[in-house]
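If you want the building blocks of each chain, they are given just below.
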Amino acid sequence: MLFYSFFKTLIGHQVTVELKNDLAITGILTSVDQFLNIKLDEIRVVDDTKYPHMMAVKNCFIRGSVVRYVQLPASAVDTALLQDAARREAQQPTTAAAHTMNR
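Since the model is a prediction, treat every value here as computed from it, not as a measurement. (Residues numbered from 1 in each chain as written. Predicted model: local features only at pLDDT ≥ 70, side-chain atom pairs only at ≥ 80, totals over all residues. Heavy atoms only, no water.)

A. Representation of the overall build of the protein in the model. Within the protein, the regular secondary structure consists of three helices and five strands. Secondary structure elements of the protein occur, N-terminal to C-terminal, as α-β-β-β-β-β-α-α. Burial statistics for the protein: of 103 residues in total, 28% are counted as buried. Taking all contacts inside the protein whose residues are at least 6 apart in sequence as the whole, residues at least 24 apart take part in 46%. Accessible surface, the protein as shown: approximately 7300 Å² in total, 56% of it carbon and sulfur. (Helix = DSSP H or I, 4+ residues; strand = E, 2+ residues; numbered from the N terminus. Buried < 20%, exposed > 50% of the residue type's maximum accessible area, 1.4 Å probe, protein only. Contact = heavy atoms within 4.5 Å. Areas by Shrake-Rupley, 256 points an atom, 1.4 Å probe, with all protein chains shown as cover.)

Here it is in structure tokens:
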């Protein structure tokens, strides 16, 4: 849930999403869900000569399982907050560990 919460804070920012098929799309992040499916508005393809048919597309929905990388604006990333959240999540017992401890 850490990444989901983190991406929710980036709604409204411009991001670049690189897909596993090497297509890279830049746009405004408008929504993200728990599966890290991403919705972008005002998109443009990074290499429009390779994908000219994408020039007419204005928004898109990207399934989380096809994402390779998401490039974020450095100004939108609060590293101190992210590190603190990662520490808190690491300290929480996992569901499997909690189940084993209750036996």
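After presenting the structure, the write-up continues.
B. A look at the pattern of salt bridges. Per the counting criterion, the structure on display carries three salt bridges. For the salt bridge of Arg 68 with Asp 22, the shortest nitrogen-to-oxygen distance reads 2.7 Å. Separated by 46 residues along the polypeptide, Arg 68 in strand β5 (residues 67–71) and Asp 22 in the loop between β1 (14–19) and β2 (24–32) bring together distant segments of the chain. A relative accessible area of 47% means that Asp 22 is categorised as partly exposed. Note that Asp 84 is salt-bridged to Arg 88, the shortest N-O span being 2.4 Å. Remark: Arg 88 and Asp 84 occur in helix α2 (residues 79–91); sequence separation between them is four residues, near one turn of the helix. Judged by relative accessible area, Asp 84 falls into the partly exposed class, the value being 31%. (Salt bridge = Lys/Arg side-chain N within 4 Å of Asp/Glu carboxyl O.)

C. Fine view of the pairing of strand β3 (residues 38–45). When β2 meets β3, the two strands line up antiparallel, connected through six bridges. Following the sheet pairing, Val 32 is matched in β3 by Ile 38. Counting the residues in the hairpin turn of β2 and β3 gives five residues, including Leu 36, whose phi is positive at 60°. (Pairing = 2+ DSSP bridges.)

D. Representation of the pairing of β2. Direction of pairing for β1 relative to β2: antiparallel, over a ladder of five bridges. Bridge pairing in β2 links Gln 14 to Ile 28. Counting the residues in the hairpin turn of β1 and β2 gives four residues, including Asp 22, whose phi is positive at 75°.

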